[in-house]
Amino acid sequence: WSAFSDDIDAILALKRERNAVILAHNYQTPEIFHCVADIVGDSLALAREAMTVDADVIVLAGVHFMAETTKLLNPAKTVLLPDVSAGCSLADSITPADVRLLRERYPGVPVVTYVNTCASVKAEADICCTSGNARAVVESLGVPCVIMIPDEYLAKNVAAQTDVEIIAWKGHCEVHERFTPADIRELREAHPGITVLAHPECPPNVVAEADFAGSTAAMSDYVGRNKPSRVVLMTECSMSDNVAVEHPEVEFIRPCNLCPHMKRITLANIRTALEQNRHVVTIDPQIADRARQSVERMLAI
Ligand code: 13P
Ligand code: SF4
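As recorded in an unreviewed UniProt entry, the protein goes by Quinolinate synthase and comes from Mesorhizobium salmacidum. What UniProt states about the protein under its Catalytic activity (unreviewed entry) heading is, verbatim, "iminosuccinate + dihydroxyacetone phosphate = quinolinate + phosphate + 2 H2O + H(+)". The UniProt entry for the protein carries the following text under Sequence similarities (unreviewed entry): "Belongs to the quinolinate synthase family. Type 2 subfamily."

So this is what it looks like as structure tokens:
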């Protein structure tokens, strides 16, 4: 930790000076997650908490779509993203024009967008969802069929839990698409009795072999509630690091995949963000109004 102490001290002082808070996703590295973040969680929790923040400045330690969601819900606050190139393969997989084409192809079918999309795509959708509430959002619409963008695997994993017909897009998370059912079988053989938790961005055949599938917060809660003696989280690497700190009695087996986008955020660039007020997140007001409606409809459920 001594390697980090200079940046940590500077960030804590800058937060006081600038009346700033740091929101950090569960995939941030432990020194960010445990030492400087004020609010941590999954995408749903961050979206909810973003609305309750009493600060002039919000630093989003996560990826670009999360910073946009925070700005949508806090239009009067300064939202900073320490590295603007922190993107997401899901958000990059679909454009607003693609959504308009889907609507032409399936007239009258509502569009549910995963929160992992840019604001201009949210503006074309009817409602947002996260991995923590996707099924509830789909069923809340009271229709027999929905279009669910952009994550094909999340859409298929939700389809397996509901009677609502789901038309999927072809986006994938570059981190979760790499897990395979063979990985799980090998883990079970090498570590008898292991509990396997998977994120619903994993392919359906991976989710089918897991003991539990849920959002990053749901996986963390599962470990806290069930205290498995051995566990593997089929998700981004920092998840296990962060959850393991709180459960020293649980053995974490750690084959994991790194998200290069999440890893662009560091203590050093959080410090620079606060020192130099960068990079300020802005959203075209015409897009923002419509995108905000999609997020607010989700939060109202
Ligand atoms: P959740 O934290 O909402 O489960 O999302 C995972 C993710 O991949 C975010 O980029
Ligand atoms: Fe996007 Fe996957 Fe990285 Fe999450 S883990 S930010 S879904 S690429």
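Novice: Where do I start with the packing of helix α3 (residues 43-50) against helix α4 (residues 64-73) in this structure?
Specialist: Pairs of packed helices are described in terms of their axes, by the angle between the two and the distance that separates them. Their axes nearest at 9 Å, the elements α3 and α4 cross at an angle of 30 degrees. Viewed along their axes, α3 and α4 adopt a mutual orientation that is roughly parallel. In this structure, the crossing between α3 and α4 has a hand that is right-handed. In contact with S43, L46, A47 and A50 of α3, α4 contributes M66, T69, T70 and L73. Broken down by class, the residue content of the contact of α3 with α4 amounts to five nonpolar, three polar and no charged.

Novice: For this particular structure, what's the right way to read the pairing of strand β3 (residues 57-61)?
Specialist: On a regular strand, each side chain points to the face opposite its neighbour's, so the side chains alternate between the two faces of the sheet. For β3, a buried count of five out of five residues is recorded, marking the element as mostly surrounded by other parts of the structure. For strand β1 (residues 20-25) and β3, the ladder comprises five bridges, and the chain directions are parallel. Each bridged residue has a counterpart across the sheet, and for A20 the counterpart in β3 is V57. Relative to strand β4 (residues 78-80), β3 runs parallel, the two sharing three bridges. Across the sheet, residue V57 finds its bridge partner in β4, namely T78. A crossover links β3 with its parallel partner β4, the connecting element being α4, and its sense is right-handed.

Novice: In this structure, what is going on with the nonpolar core? I would like to understand it.
Specialist: Soluble globular proteins tend to bury their nonpolar side chains together. V59, A61, V112, M234 and I270 are the most contacted members of the largest nonpolar core, which has 92 residues in total. With residues near it in sequence (within four places) discarded, A61 still touches I22, L23, A24, H25, Q28, I32, A37, I265 and I270.

Novice: Is there a simple way to explain the site of ligand 2 in this structure?
Specialist: Surveying the vicinity of ligand 2 reveals 13 residues, the closest of which are C88, S89, C173, V175 and C259. A class-by-class count of the residues in the shell around ligand 2 yields seven nonpolar, three polar and three charged.

Novice: Looking at this structure, how should I read the site of ligand 1?
Specialist: Neighbouring ligand 1 are 13 residues; D42, S43, S131, S215 and T216 lie closest to it. When the residues that make up the shell around ligand 1 are grouped by side-chain class, the tally is two nonpolar, nine polar and two charged.

Conventions adopted
Residues numbered from 1 in each chain as written. Chains lettered and ligands numbered in written order. Predicted model: local features only at pLDDT ≥ 70, side-chain atom pairs only at ≥ 80, totals over all residues. UniProt positions renumbered as here; feature names shortened; annotations may be inferred. Axes fitted to C-alpha atoms, helices over the stretch in contact; angles between N-to-C directions. Helix = DSSP H or I, 4+ residues; strand = E, 2+ residues; numbered from the N terminus. Parallel < 35°, antiparallel > 145°, perpendicular 65-115°, else oblique. Left-handed = near helix turned anticlockwise from the far one by under 90°. Contact = placed C-beta atoms within 7 Å. Nonpolar A, V, L, I, M, F, W, Y, C, P; charged D, E, K, R; others polar. Buried ≥ 20, exposed ≤ 12 C-beta atoms within 10 Å, placed from the backbone. Pairing = 2+ DSSP bridges. Right-handed = clockwise from strand over helix to strand, strands pointing away. Core = buried A, V, L, I, M, F, W, Y, C linked by C-beta atoms within 7 Å. Near = placed C-beta within 6 Å.

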